[in-house]
Amino acid sequence: MIIKKLIIYGYGKWIDTEFDVNAPFHLFFGENEAGKSTLMSFIHSMFFGFPTRHSSAKRYEPKESSRYGGKIIIKDKRFGEVSIERVSGKVTGDVVVQLEDGTTGDESLLTTLFYSKTRSFYESIYSFDLKGIENIQDLSKEQLNRFFLSIGALGHENFLKQADYYHTQAGKLFKPMGRKPEINQLQLKLKDKQREVEKAKEKNESYIDLITSHLSKQEQMKEIEKKLAITVEELNYQNELSKYKETLEEIERIREQLKKLPDQKLPEDGLYQLKQTNSEVETYQQKINELQDKQKTLQHQYKPSRELILYQQNEETLNGFEQELDHWEDKVQELQLKKKDLSNLEQLITEMKIREDISLADEIPPALEQSDIGYLNSTRNRIEKLEKKRGELEDNHRNLMSRININNDMMDKIEPKLMSLSEFNALEAMDADSTLKGEEKKPKLLLTAAVSAAFLLSAYLLTVDALFALVTAVLFLIVFYIGYRIKKPSAEAYSDDQRDLLYQQRNLREQWKELLAMNDDYQSKQEETANQLDKIKTTQRLIEEDFRQWKLNHSFSVNVALSDVEDKQAVYHRLRELKKRESVLKQQTDDIEKRLKTQLDAFEEALTRKFLSESILEKFKEMRSIFREIKNEQRGMQEYIKQTEAVQHEINYYVQKLNELKKTKRQFTDSLQCANDEEVYKLYSEQKEKQEKETRLSMLSEKLPVKEGDDTVGLKLNHVKKNLDELKKRHQKLSEEQKVCMKAIMADEMKIRRLEDGGVYTELLQEFENEKSYYQEVVNKWTTLKTAAGIIEKTLHYAKEDKLPQALSIAGSFFSFLTDGRYQSLLFEDDVLFVIDKFGRRWRSDDLSRGTVEPLYISLRLAFIKATKESIKLPVLIDDPFVNLDDKRVRKMYQLLNDFDPDIQMIYFSFDPRIQAFIEEDKCVYLNK
């Protein structure tokens, strides 16, 4: 990505200003207050938004312009030439991004353009000044490692944040010294509940003796498991011990002797305490036996019914039934109402089907689709057009018939008036002769007219040429004389009446012919109209057949007319709604009956009995009756409970005293590791002998090598040479003892479980197990969070190991160039950065001078930019961070920046005149105050 142009509408001191930036290394040169930092901030704001008003960064709002913002033109290989315009609007400004193909977008497109990187990421890597270098120098070891990790893993800071989030969430669940986290509170609750369970156990008859035996066997099991672990350890240790054969043999002998002796220190008054305790135990046990006999007598006097026993065995389940009886009674009433509604609805649907001529077994026609509505409208329009056309044709047909009839009537009136053909022909002949006489008169008239014209012409020519006029007049006179002398034969006399009669006959014949021709034309049109009517009737019949087939396909009654389809559709819609309501009601009634049946079946299973009726409602009534009987019997038990409670209270008191005495005695005997009183007496006699042997064993053991974390020798064999074989035999023997002991423990647990069934102890035990299960769920959640955080950090750690060596290698070459080879390479070891000089010595970054450490951190930045350029390629902004460097290193630095990478744009802001020697004039912009 390369910045090509900066267009500033208003930002700080810059108003309506443009800067062309095309070179890979471009310089903005100017003194203080020239606007370099403002330009750098402008680029940040265009890329990532204006700083908020509560931010520590300056907003640079212009004082001399109402426009705030500007535009940057960049060139990107992915999107071509891109325009980024941001102006005042929301807090960070309103941005419009336009790609080369005309596509526009907002912040989301801008985020894609910048590889989903944030302002903090860009400013930490691609934009820096002297303060930025000092900030990096001040980072702690952990912060610096985190920085390298995020860059080495291609900038996946979101994964690191997610790992931190998982650690935070896990900390909310558990802290080693916390009180408020959920797991800490659950631990306290479990301890309290466990104490309550242990107290409840003590109240069960004969429970303590069994628990004592069970605990003893558990201790024995632990001892066996401990011995097994020691045996395995000794098998690995025996090779080392074989070097001290004589010493081991003596130790073995002493240990064999010590095994037969007790290991505890005996109190001075132990025997007296033992006798006094035994006497009190006998007294309390006798009182307990008497009270237990009294309790058994009361138990024989009252025997609960089978239903009550089953109720007590399933009290928790049946109590749940009883608590929900009112709820299910409401459901029963609701079921009755819904069945009534369902019956009414079914009746209504049946009546509507009958009224609408729909078979009860047939389905209701479905709702019409848009294509069906279009078909109906089209069919209706066609029928209307055909009906209109048919009406027009029928009217025309009737008109033609009427005209034909009128013409026939007129012809009938004309025909009697017509003469015969011979008579008409005679009149025609006479008329022809009369016409010839008229033609004879016409030449004479013509001749007279010609003479008059010749005379006039001669008069005219006389004015022109007298001779020519005279000749012309003579010729016309000769012609006139000749014409006048011609004679024609005369015709018979022809009267006016005959002429009128002829004219009348001619008119009648013409009328008759016209009427006849008109009838022929009308008949032709009538036949054509009849043919058109036949075609229309055929088309109507085909439409009716098609509509009848459509009605069959869509489940409509054949009696439904096309005009009634819309009205019927409303009725069918109503029927479909009713059917839907019917389906919902059926589903609801089925659900209620199913749930009632489930409850009743569970009740039958709990009481192991069957209901007398098969009806759900009758079963429900029977269940209520059974509950009433059980409650009556429970009230009868109250008197028995009062009597037994008094006896049980006394038994509990003496049992508590007895348990305390037994516990005291057990603690005393356990402290001496004795099974009975005789062993206690024997212990006192053997105590002195044991002390002497232990002294000798301690002296010998100091000569032998011991295991890590163990100051004693764990030898168990008589002879070292036979150590391995005997240890294996002992391992087998201990395994068999473990199986035997496990069977005994399981048998005791079965007995304890039978004693624990029922009563308050069972409830407490169940509550304890529930809380323990929930505690385990929370612990699993905490484990998941810690594991997820660990996996993320481990994965990113591997990513850092993949990318970091390349980046450190590049940074080492840059740093070597800047220091003239004094420092050759960089090493990142145990999350600490080391600099290796040309003599191979390692230097920590805080051991270097400021003039050396600044090029180091600049080298690291440039190295990471170069190492990740295949994935991320953004412009680099540098605001004169080299003021602390001497002339030599400044020249080196400028040379490095100028030759850094042609694919990565460097925009440098400076007032250092030394840089001008490395920058061409066309790549430099001079800023004035």
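Residues numbered from 1 in each chain as written. Predicted model: local features only at pLDDT ≥ 70, side-chain atom pairs only at ≥ 80, totals over all residues. Heavy atoms only, no water.

A few words on the overall build of the protein. Along its length, the protein carries 24 helices and 14 strands. For the protein, the share of sequence-separated contacts (at least 6 apart) that also reach a separation of at least 24 residues comes to 73%. Put simply, the protein shows about 56,800 Å² of open surface, and 51% of that area lies on carbon and sulfur atoms. (Helix = DSSP H or I, 4+ residues; strand = E, 2+ residues; numbered from the N terminus. Contact = heavy atoms within 4.5 Å. Areas by Shrake-Rupley, 256 points an atom, 1.4 Å probe, with all protein chains shown as cover.)

Of the two faces of strand 12 (residues 876-879), both are covered, the one formed by Val876 and Ile878 as well as the one formed by Leu877 and Asp879. Pairing analysis gives 3 bridges linking strand 8 (residues 127-129) to strand 12, with the strands arranged parallel. Within strand 12, the residue paired with Asp129 across the bridge is Asp879. Two elements, strand 12 and strand 13 (residues 906-910), share 4 bridges in a ladder whose sense is parallel. Looking across to strand 13, one finds that Val876 is bridged to Met906. (Buried < 20%, exposed > 50% of the residue type's maximum accessible area, 1.4 Å probe, protein only. Pairing = 2+ DSSP bridges.)

This next bit is on helix 1 (residues 36-48). With 13 residues, helix 1 should reach 18 Å at 1.5 Å per residue; the first-to-last C-alpha distance of 19 Å fits that figure. Among the 13 residues that make up helix 1, 12 are buried, leaving the element largely enclosed by the rest of the structure. Residues of helix 1 that are buried include every one of Lys36, Thr38, Leu39, Met40, Ser41, Phe42, Ile43, His44, Ser45, Met46, Phe47 and Phe48, and no others. Looking one or two residues past helix 1, Gly49 carries a phi angle of roughly 105°, positive in sign. (Expected span 1.5 Å × (residues − 1).)

With that out of the way, let us pick up the packing of helix 14 (residues 370-414) against helix 17 (residues 496-553). Viewed as axis vectors pointing N to C, helix 14 and helix 17 meet at an angle of 160°, and their least axial separation amounts to 8 Å. Here helix 17 runs roughly antiparallel to helix 14, going by the angle between their axes. Helix 14 and helix 17 meet at a crossing whose hand is left-handed. The residue inventory of the contact of helix 14 with helix 17, partitioned by class, reads 22 nonpolar, 13 polar and 10 charged. (Axes fitted to C-alpha atoms, helices over the stretch in contact; angles between N-to-C directions. Parallel < 35°, antiparallel > 145°, perpendicular 65-115°, else oblique. Left-handed = near helix turned anticlockwise from the far one by under 90°. Nonpolar A, V, L, I, M, F, W, Y, C, P; charged D, E, K, R; others polar.)

Now for the packing of aromatic side chains. Throughout the structure, instances matching the rule amount to 21 aromatic pairs. Centroid distance Phe25 to Tyr908: 6.2 Å. Interplanar angle 25°. Geometry classified as stacked. You can see Phe25 sitting in strand 3 (residues 25-29) and its partner Tyr908 sitting in strand 13, a full 883 residues away along the chain. By relative accessible area, which is 4% here, Phe25 ends up buried. Owing to a relative accessible area of 1%, Tyr908 belongs among the buried residues under this scheme. Among the aromatic residues, those joined into a ring-pair cluster are Tyr11, Phe42, Phe50, Tyr60 and Tyr68. For the cation-ring pair, Arg842 lies above Phe834, with the distance from its terminal atom to the ring centre recorded as 5.7 Å. Over the ring of Phe900 we find Lys866, and its NZ or CZ is 5.3 Å from the ring centre. (Phe/Tyr/Trp six-rings, centres within 6.5 Å; stacked < 30°, edge-to-face > 60°. Lys NZ or Arg CZ within 6 Å of the ring centre and 35° of its normal.)

Okay, the sheet that holds strand 10 (residues 832-837) next. One open sheet holds the 3 strands; their spatial order is 9-10-11, and the pairing between them is antiparallel. Each edge of the open sheet carries a strand with a single partner, namely strand 9 (823-829) and strand 11 (842-844). Direction aside, the axes of adjacent strands within the sheet are offset by 35° on average.

As a further point, take unusual backbone geometry. Of note, the phi angle at Tyr115 is positive, near 55°, even though the residue is not glycine. Position of Tyr115 among the secondary structure elements: in the loop between helix 2 (107-113) and helix 3 (119-125). Residue Tyr115 is classed as partly exposed on the basis of its relative accessible area, which comes to 22%. Positive phi outside glycine occurs at Ser116, with the angle close to 60°. Along the chain, Ser116 falls in the loop between helix 2 and helix 3.

Turning our eyes to something else, we now look at the environment of Asn319. Here Asn319 shows up in helix 12 (residues 315-323). Along the primary structure Asn319 and Phe627 are separated by 308 residues, whereas in three dimensions their C-alpha atoms are 9.9 Å apart.

Read across the sheet, 6 strands follow the order 2-1-4-5-6-7 without closing on themselves; strand pairing throughout is antiparallel. Only two strands of the sheet have a single partner each, and these edge strands are strand 2 (14-20) and strand 7 (104-105).

Right, let's talk about the pattern of salt bridges for a bit. For the structure on display, the rule yields 16 salt bridges. We note a salt bridge from Arg398 to Asp395, for which the minimum N-O separation is 2.0 Å. Remark: Asp395 and Arg398 occur in helix 14; sequence separation between them is 3 residues, near one turn of the helix. With a relative accessible area of 47%, Arg398 lands in the partly exposed category. The exposure class of Asp395 is partly exposed, given its relative accessible area of 39%. What emerges from the salt-bridge pattern is a single network uniting Asp820, Lys888 and Lys892. (Salt bridge = Lys/Arg side-chain N within 4 Å of Asp/Glu carboxyl O.)

Right, let's get into the nonpolar core. Of all hydrophobic cores here, the largest spans 85 residues; its most connected members are Phe28, Phe47 and Phe882. Tallying contributions element by element places helix 23 (residues 850-867) first for this core, with 10 residues. In contact with Phe882, not counting residues within four places along its chain, are Ile858, Val890, Met893, Tyr894, Leu897, Tyr908 and Arg914. Judged by nonpolar contacts, the second largest core, of 17 residues, contains Ile349, Leu368, Phe547 and Phe556. (Core = buried A, V, L, I, M, F, W, Y, C linked by side-chain atoms within 4.5 Å.)

Turning our eyes to something else, we now look at the packing of helix 10 (residues 270-301) against helix 20 (residues 677-701). Running from N to C, helix 10 and helix 20 cross one another at 170°; their axes reach a closest spacing of 11 Å. In terms of axis orientation, helix 10 runs roughly antiparallel to helix 20. The residues of helix 20 that touch helix 10, namely those facing Gly270, Leu271, Leu274, Lys275 and Asn278, are Asp677, Val680, Tyr681 and Tyr684. Of the residues in the contact of helix 10 with helix 20, the class split is 5 nonpolar, 2 polar and 2 charged.

What follows covers the confidence of the model for the protein. Detailed reading of the predicted coordinates is not advisable wherever pLDDT is low. In this model, the protein carries a mean pLDDT of 77, and residues with pLDDT of at least 70 account for 77%. Note on residues 136-145: pLDDT under 50 across the span, and 11 contacts to partners over four residues away in sequence or across chains. Below pLDDT 50 for its whole length, residues 714-718 participates in 22 contacts with residues either more than four positions away or in separate chains. (pLDDT = per-residue confidence, 0-100.)

Our focus in this paragraph is the environment of Lys5. Mapped onto the fold, Lys5 is located in strand 1 (residues 2-11). According to the relative accessible area criterion, Lys5 is partly exposed, its value standing at 26%. Separated by 68 residues in sequence, Lys5 and Ile73 place their C-alpha atoms 5.0 Å apart. Once you skip the residues sitting within four places of it in the chain, Lys5 turns out to touch Glu18, Phe19, Asp20, Val21, Lys71, Ile72 and Ile73. One polar contact links Lys5 to Glu18, side chain to side chain, over a distance of 3.1 Å. (Polar contact = N/O pair within 3.5 Å; in protein donor to acceptor, adjacent residues only side chain to side chain.)

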